[in-house]
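# Structure assessment
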Amino acid sequence: MTMDCCESRTSPAATRRALLLGGASFAAWAYLPKFARAADGRDPRLIVIILRGALDGLATVAPVGDPDYAGLHGSIALAPDGPHAAILLDSFFALHPSMPEFSRMYKEKHAAVVHAVATPYRDRSHFDGQDVLESGFAGPGRVQSGWLNRALEALPRGERVMSGAVSALAVGPTAPLVLRGAAPTVGWAPVTLPNAADDTAMRLVELYKHRDPALAAALSQGLQLDKIAQGDDMKPKPNTNAIGAMRLVARGAAKLMAADDGPRIAALAFDGWDTHANEGGPVGRLAQLLSGLDGALADFESGLGAHWRDTVVVVATEFGRTARINGTAGTDHGTGTVALLAGGAVKGGRVISDWPGLKPANLFEARDLAPTTDLRAVLKGVLHDHLGLSERALAETVFPDSAMVRPVKGLVG
Amino acid sequence: MARDPQAALVALNRFGFGARGGSSGDFVNAASDPRGFVKAELSRPNGALLEASGLLPTAALGQAMFDYQAQVRAQRELGAPKAKPDAGMADTQARMMERAGEAVQNAASESVMAGNAVAMAPRVAPAVGTASPPPNPQPLNVIQKTYRAEALARIQRASIVECGFVERLVVFWSNHFCISAGKGEPTRIWAGSFEREAIRPYVLGRFGDMLKAVEQHPAMLFFLDNQQSLGPDSRAGQNRKRGLNENLAREIMELHTLGVGGGYSQEDVTTLARIITGWSFAGREGRLGTPGSFVFNANAHQPGPQRLLGKSYENTGVTQGEAALADIARHPSTAKFIAAKFARHFVADDPPPALVARLEGVFRKTDGDLKALSLALLDADEAWQAPLSKMRTPYEYLIATGRLLARIPDDPGRALSSLNVLGQPLWTPSGPNGFADTNAAWAAPEGMKLRLDIAAQTASRIADSVDPRDLLEVVAADAASTETRRTIERGESRQQALALLLMSPEFQRR
């Protein structure tokens, strides 16, 4: 039986806000790092993009030089020639054809790929996998704070971003776990509703201060951020799909982050990567999602302007997918996958990989791309080289009990 | 029992959908016998069913969808620019559905509006301004019409019932076993019938029965791809060179029953996937059965016995999977997982462990009797004494607003738009784990600001006809805090005072 399932996610009256909450979110550190405005210092920006649902790394950056790849990925395998040819990154790996912007950055040596990478998590639950990816702990069940938030705590804290923002800040799921924790954060998403009157809002904040401090904090922050982010290009546009949502969030986030007193460190989460059925090859469902991601990266580049030079974007996902396609032209939950780096500060133009091979004996549990690089090593490398975090802080508080996972050096510079 | 205003808030808000406006007397009734007020609904036979003329069964909806899809294809092949949504079979169905909505609404308005002080005001649905109506609305197709008719029937039911505990149970279980209308046309047209057929009949029945109904429902089979999964050694698998898709099998164990860490392995996931190969629904041609109904396709079923969670299941066809599900429903991990989730939903993000343990025991002892589970919750002192710390979800907030203002919507558009805005689009969670059930999710900064904007919108349309001070009596009476009372009394306008009431902790927390 064939089923056409391409209807838009929500009703025709769906607002962009709904799509954003359903498909993409943004949150940032509420402070500037102390070194941000030092006269001669660098002013680094770091953006972490979490792809929820488990990205198929073998479909994003295909090992076209591996003799077993085409057989395993079957009908959805990419090929370096023919129509919709994948873009060769080197003699072995080829990039999905729906990512021309990333390919350009790669050629300009401002984008890199880390392949056969995974968090320490080895089971296949999305939700636990995301918790491990974002918490920075070696196993699931630790969801109080995320590694990026703990990294912020280790940074010297400068002024608050976006002058006038409130002090106590509560954060919901619009802040991904990776950025949740003790270090204050701010979140933002564009809306289409007319605002309630300021006076009404202030009275309510006053009532909450007396009766419900948690709600007072949440509402104050929500009011503050919405004001800051309003701008002409944030007017509602109808018929925005999940791909458009990624780009809209990226554009809004870039605009906030480009401001002189804007956030320097932020996290985004994009949903929808769980491609169990009809994943598609060079065209199709995953191709569309990747083109949204590619566009979002380009939006960060253009939106950040001169600051792009000092920017690193890290794209990571909870785990990979099965090396062999399943019975429904898709892939099930797997292990090893890719992480992507982009930005002017990235020492790019290379695929970093200790390639495990795709022979049956080389697959993890005879089904998944075997991970040969710990994702934490990549993240530690970026935090060390880009933000100057000490190896000790990285090994003890940011990624607890990870001393044996050495940072990958030279990713940034 | 002595009058207990604090317990009335618990009865109305923690367990129900909030006090109804007008002369319902809900607060007084709840204050005089809080437990009795909530429990009354449980003894009503078939009280959870939602049957309105014109709300069609899943198979009939499937047929309407197949017809519509065929029409669209035919039009496309003829080179016509766009299929007319209202033609032929689909049209008939759509009109029936519209009538269904009206019928429910009329009955509903009479039962609530009678003797209601607010009844004279023009009826307006609660919600957002700019999002609806769209400027040049396209005519809706049968799928969109069905989704809206089902949504309307559900919202109207929640708006009129007395306490709303049973409807809250429906929402809880529907979210536990969620599908997403965003997956495609089948889940959109079946979102309502899935809930009516696989959830509602069992919310006061047995968990194992609900599990079976859910996993065999075409909406779930489509949502988690099982209709595409073929036993690798089955005839269909061999012929078509396709095979397993373990999506449904994994979520059955991880999200529906045992919970992650519930004692199953990757091998168990794959095994369960093999066991339920062939669980599908009949397509347009109806080769396997009535189009749009559950079918067991023996041709797609993996042959041979299977060993799952340490137990062997002979290949007995569809009953192989049914036996496996029955055992999974009785697994101790399932009792533990369900008890914790149930308590977390109603009582607190971190519910009292003693309460969870008691619920777990009841679930096990009664073999998953969900009425017994509900009664155990209502009988537990912890469930009444825990502070009202949880936020209403957006759906609960909007329904409670409609109830307070005695507005029974006759069109679901505003409510659906508001739910989209607030991040809880109806029957459309972003993943198979459903909508979040914690304060972190719903008391977030963006969400709070949007709630306020929606409260202000609602108030600007409605407040002229109400006195917010009277409504505070309806909501909380003497359980209202001095600060809330003063804030409302000092509002600069009725509009402002009503918006503040709708946003007060007494209205938002449960």
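Every residue gets a number counted from 1 within its own chain, in the order that chain's sequence is written. As they are written, the chains are lettered A onward and the ligands numbered 1 onward, keeping that order. Local features in this predicted model are restricted to residues of pLDDT 70 or higher, and side-chain atom pairs are both shown and tallied only at a pLDDT of 80 or more, whereas totals for entire chains, interfaces and linings draw on every residue. Only hydrogens and water are set aside; all other atoms, that is, all heavy atoms of the structure, feed into the side-chain values.

Right, let's get into the overall build of chain B. The helix count covers DSSP runs of H or I at least four residues long, the strand count covers runs of E at least two residues long, and both are numbered beginning at the N terminus. Within chain B, the regular secondary structure consists of 26 helices and four strands. Classification of residues uses two cut-offs on accessible area relative to the type maximum, computed with a 1.4 Å probe and protein chains only: under 20% is buried, over 50% is exposed, and between them is partly exposed. Out of the 510 residues belonging to chain B, those deemed buried represent 64%. By definition in these notes, contact holds between two residues if any of their heavy atoms fall within 4.5 Å. Within chain B, counting contacts between residues at least 6 apart in sequence, those at least 24 apart form 76% of the total. When the accessible surface of chain B is split by element, carbon and sulfur atoms take 51% of a total near 17700 Å². To measure how exposed things are, a 1.4 Å probe is used in the Shrake-Rupley method; for residues, cover is taken only from the protein chains shown.

Another aspect to go through is the overall build of chain A. Counting its regular elements, chain A contains 12 helices and 14 strands. By the burial criterion, 63% of the 413 residues in chain A qualify as buried. Of the roughly 14200 Å² that chain A leaves accessible, carbon and sulfur atoms contribute 54%.

The calculated volume of the second largest pocket comes to roughly 580 Å³. Lining the second largest pocket are 23 residues, and of these R324(A), I325(A), N326(A), G327(A) and L244(B) sit closest to its centre. A per-class count over the lining of the second largest pocket returns seven nonpolar, seven polar and nine charged. Within this scheme a cavity is a closed region of a 1 Å grid, computed over the protein atoms alone, that accommodates a 1.4 Å probe without allowing it to escape, whereas a pocket is open but has protein on both sides within 12 Å along at least five of seven lines; lining residues each have an atom within 4 Å of a point. Grid points are joined across faces, edges and corners, and a volume is the space filled by probe spheres set on the points. Just so you know the grouping, Ala, Val, Leu, Ile, Met, Phe, Trp, Tyr, Cys and Pro go in nonpolar, Asp, Glu, Lys and Arg go in charged, and all remaining residues, Gly too, go in polar.

Now for the packing of helix α4 (residues 58-78) of chain B against helix α6 (residues 142-160) of chain B. All names here are of chain B. The interhelical angle for the contact between α4 and α6, taken along N-to-C directions, is 150°, at an axis separation of 9 Å. Looking at the two axes, α4 sits roughly antiparallel to α6. For the pair formed by α4 and α6, the contact residues are L61, A64, M65 and Y68 on the first element and V142, I143, T146 and E150 on the second. When grouped by side-chain class, the residues that make up the contact of α4 with α6 number six nonpolar, one polar and one charged. Note on geometry: axes are lines fitted to C-alpha atoms, helical ones only across the stretch in contact, with angles between N-to-C directions running from 0 to 180 degrees. Orientation categories follow fixed angle ranges, with anything under 35 degrees roughly parallel, anything over 145 roughly antiparallel, 65 to 115 roughly perpendicular, and all other angles oblique.

To continue, consider helix α25 (residues 494-503) of chain B. Within α25(B), eight of the 10 residues are buried, which leaves it mostly tucked inside the rest of the structure. Along α25(B), the positions that sit buried rather than exposed are Q496(B), A497(B), L498(B), A499(B), L500(B), L501(B), L502(B) and M503(B). The inward-facing, buried residues of α25(B) contact α7 (198-211) of chain A together with α19 (394-404), α22 (445-462), α23 (468-475), α24 (482-489) and α26 (505-508) of chain B.

A few words on helix α7 (residues 165-176) of chain B. All names here are of chain B. Given a rise of 1.5 Å per residue, 12 residues ought to cover 16 Å, and the 16 Å separating the end C-alpha atoms of α7 matches this to within 8%. Counting buried positions over the 12 residues of α7 gives 11, a clear majority of the element. Residues F165, V166, E167, R168, L169, V170, V171, F172, W173, S174 and H176 constitute the buried set of α7. One less than the residue count of a helix, multiplied by 1.5 Å, gives the span that helix is expected to have.

On to the packing of aromatic side chains, then. The description of two aromatic rings rests on the distance between their centres and on the angle between their planes. Note on aromatic pairs: the rings of Phe, Tyr and Trp (six-membered ring only in Trp) are paired at centre separations within 6.5 Å, and the planes decide the class, stacked below 30 degrees, edge-to-face beyond 60, tilted for the rest. Considering all chains together, one arrives at 24 aromatic pairs over all chains under this definition. Judged by centre distance (4.9 Å) and plane angle (80°), the ring pair of F92(A) and F93(A) falls under edge-to-face. A relative accessible area of 5% places F93(A) in the buried class. The rings of F15(B), F165(B), F172(B), W173(B), F177(B), F207(B), F342(B), F346(B), F363(B) and W384(B) are connected pair by pair, giving a single aromatic cluster. In this structure, R157(A) packs its charged tip against the face of Y31(A), placed 4.2 Å from the ring centre. For a lysine, the NZ atom is tested; for an arginine, the CZ atom; a charge sits over a ring if that atom is within 6 Å of the ring centre and within 35 degrees of the ring normal. The aromatic ring of F507(B) is capped on one face by R392(B), whose charged end is 4.8 Å from the ring centroid.

Within a regular strand, side chains alternate between the sheet's two faces. All names here are of chain A. Counted residue by residue, strand β12 (residues 337-342) has six buried out of six residues, so it is predominantly covered. At least two bridges found by DSSP between two strands is the condition for calling them paired. In the sheet, strand β7 (residues 111-118) pairs with β12 via six bridges, with the strands oriented antiparallel. Residue pairing for β12: H115 is matched across the bridge by V338. Sheet topology note: the strand β11 (residues 311-317)/β12 ladder contains three bridges and is antiparallel. Bridging across to β12, V313 finds its partner in A342.

With that out of the way, let us pick up the side chain of Q320(B). Residues and elements named next belong to chain B. Its location among the elements puts Q320 in helix α14 (residues 318-330). Owing to a relative accessible area of 1%, Q320 belongs among the buried residues under this scheme. Apart from residues no more than four positions distant in its own chain, Q320 is found in contact with I275, H301, G304, P305, Q306, Y313, E314 and N315.

So, on to the pattern of salt bridges. By definition, a salt bridge exists where a carboxyl oxygen of Asp or Glu is found within 4 Å of a side-chain nitrogen of Lys or Arg. Evaluated as defined, the whole model comprises 46 salt bridges over all chains. Across the salt bridge formed by D299(A) and R251(A), the nearest N and O atoms sit 3.6 Å from each other. Here the residue D299(A) occupies a position in helix α10 (residues 285-304), and R251(A) occupies one in helix α9 (residues 242-258), the gap between them amounting to 48 residues. When the shortest N-O distance is used, the salt bridge between E322(B) and K212(B) registers 4.0 Å. Here K212(B) lies in helix α9 (residues 207-215) and E322(B) lies in helix α14, a separation of 110 residues in the sequence. For E322(B), a relative accessible area of 22% translates into the label partly exposed. For K212(B), a relative accessible area of 36% translates into the label partly exposed. One network of salt bridges, in which partners are shared, links R124(A), E365(A), R367(A), D368(A), E246(B) and R250(B).

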